[in-house]
Amino acid sequence: MGRKFQRRIEDFTCEHCGHQVKGSGFTNHCPACLWSKHVDINPGDREELCHGLMEPVGVERQKDGYRIHFRCTRCGLERWNKSAPEDDFKALLRIARASAEG
Ligand SMILES: [Zn+2]
Ligand SMILES: [Zn+2]
């Protein structure tokens, strides 16, 4: 009681850079450093028990935006996720450049 705003979408603190992330309901990666967390088996289900940090290892340009290639630092699972409009574009470019250099 007493709290007017109950957000159903989850806010979280990025475990990689400490950024306070406002959950949009669509993304679970940090818009500042773009790191994610291995919490879904299927997108949005939060059923995964690994909970490892997922490193953004590549970026691919698509006609409607970008998608980010993640690799879990704990179990090694690789996954592609759509980039969100609020993602830091410089961070995206940095990852793209790093992956191009191999
Ligand atoms: Zn972050
Ligand atoms: Zn994992």
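Look up: the structure comes first, before these words.
As a starting point, this report considers the structure included with it.

Here's the deal with the overall build of the chain
On a plain count of helices and strands, the chain comes out with one helix and six strands. A total of 102 residues make up the chain; the buried ones form 31% of that total. Sequence-distant contacts in the chain: of pairs separated by 6 or more residues, those separated by 24 or more amount to 29%. Total accessible area on the chain is roughly 7,300 Å²; 51% of this is exposed by carbon and sulfur atoms.

What to know about the pairing of strand β5 (residues 65–72)
Both faces of the sheet carry side chains from a regular strand, because those side chains alternate between them. As paired elements, strand β4 (residues 53–62) and β5 share eight bridges and run antiparallel to each other. Within β5, the residue paired with E55 across the bridge is R71. Between β4 and β5, which pair antiparallel and follow one another directly, the connecting turn spans two residues. The pairing of β5 with strand β6 (residues 78–82) spans five bridges and is classified as antiparallel. Within the sheet, the bridge partner assigned to R67 lies in β6 and is K82.

Quick notes on the packing of aromatic side chains
All told, the structure shown has one aromatic pair when counted by the stated rule. Seen from their ring centres, Y66 and F89 are 5.9 Å apart, and the 65° between their planes marks the pair as edge-to-face. Of this pair, Y66 sits in strand β5 while F89 is found in helix α1 (residues 89–101), placing the two residues 23 residues apart along the sequence. Using a relative accessible area of 21% as the deciding quantity, one classes Y66 as partly exposed. What makes F89 partly exposed here is its relative accessible area of 44%. One cation-aromatic arrangement involves R67 over W80; the distance from NZ or CZ to the ring centre is 4.0 Å.

Section: the coordination of the zinc ion (ligand 2)
Ligation of the zinc ion (ligand 2) by protein atoms is provided by H38 (ND1), C50 (SG), C72 (SG) and C75 (SG), these donors lying 2.0 to 2.4 Å from the ion. Coordination at the zinc ion (ligand 2) is tetrahedral: its four donor atoms span angles of 104 to 118° at the metal. All donors to the zinc ion (ligand 2) come from one chain, and their sequence spacing reads H-x11-C-x21-C-x2-C. Taken together, the residues span a long stretch of sequence, with C50 in the loop between β3 (36–37) and β4 and C75 in the loop between β5 and β6 at a distance of 25 residues. For C75, a relative accessible area of 46% puts it in the partly exposed group.

Thresholds, definitions, all that
- Residues numbered from 1 in each chain as written.
- Chains lettered and ligands numbered in written order.
- Predicted model: local features only at pLDDT ≥ 70, side-chain atom pairs only at ≥ 80, totals over all residues.
- Heavy atoms only, no water.
- Helix = DSSP H or I, 4+ residues; strand = E, 2+ residues; numbered from the N terminus.
- Buried < 20%, exposed > 50% of the residue type's maximum accessible area, 1.4 Å probe, protein only.
- Contact = heavy atoms within 4.5 Å.
- Areas by Shrake-Rupley, 256 points an atom, 1.4 Å probe, with all protein chains shown as cover.
- Pairing = 2+ DSSP bridges.
- Phe/Tyr/Trp six-rings, centres within 6.5 Å; stacked < 30°, edge-to-face > 60°.
- Lys NZ or Arg CZ within 6 Å of the ring centre and 35° of its normal.
- Donors = N, O, S within 2.8 Å, 3.2 Å for Na, K, Ca; no water.
- Tetrahedral: all angles 85-135°; square planar, octahedral: opposite > 155°, others 65-115°.

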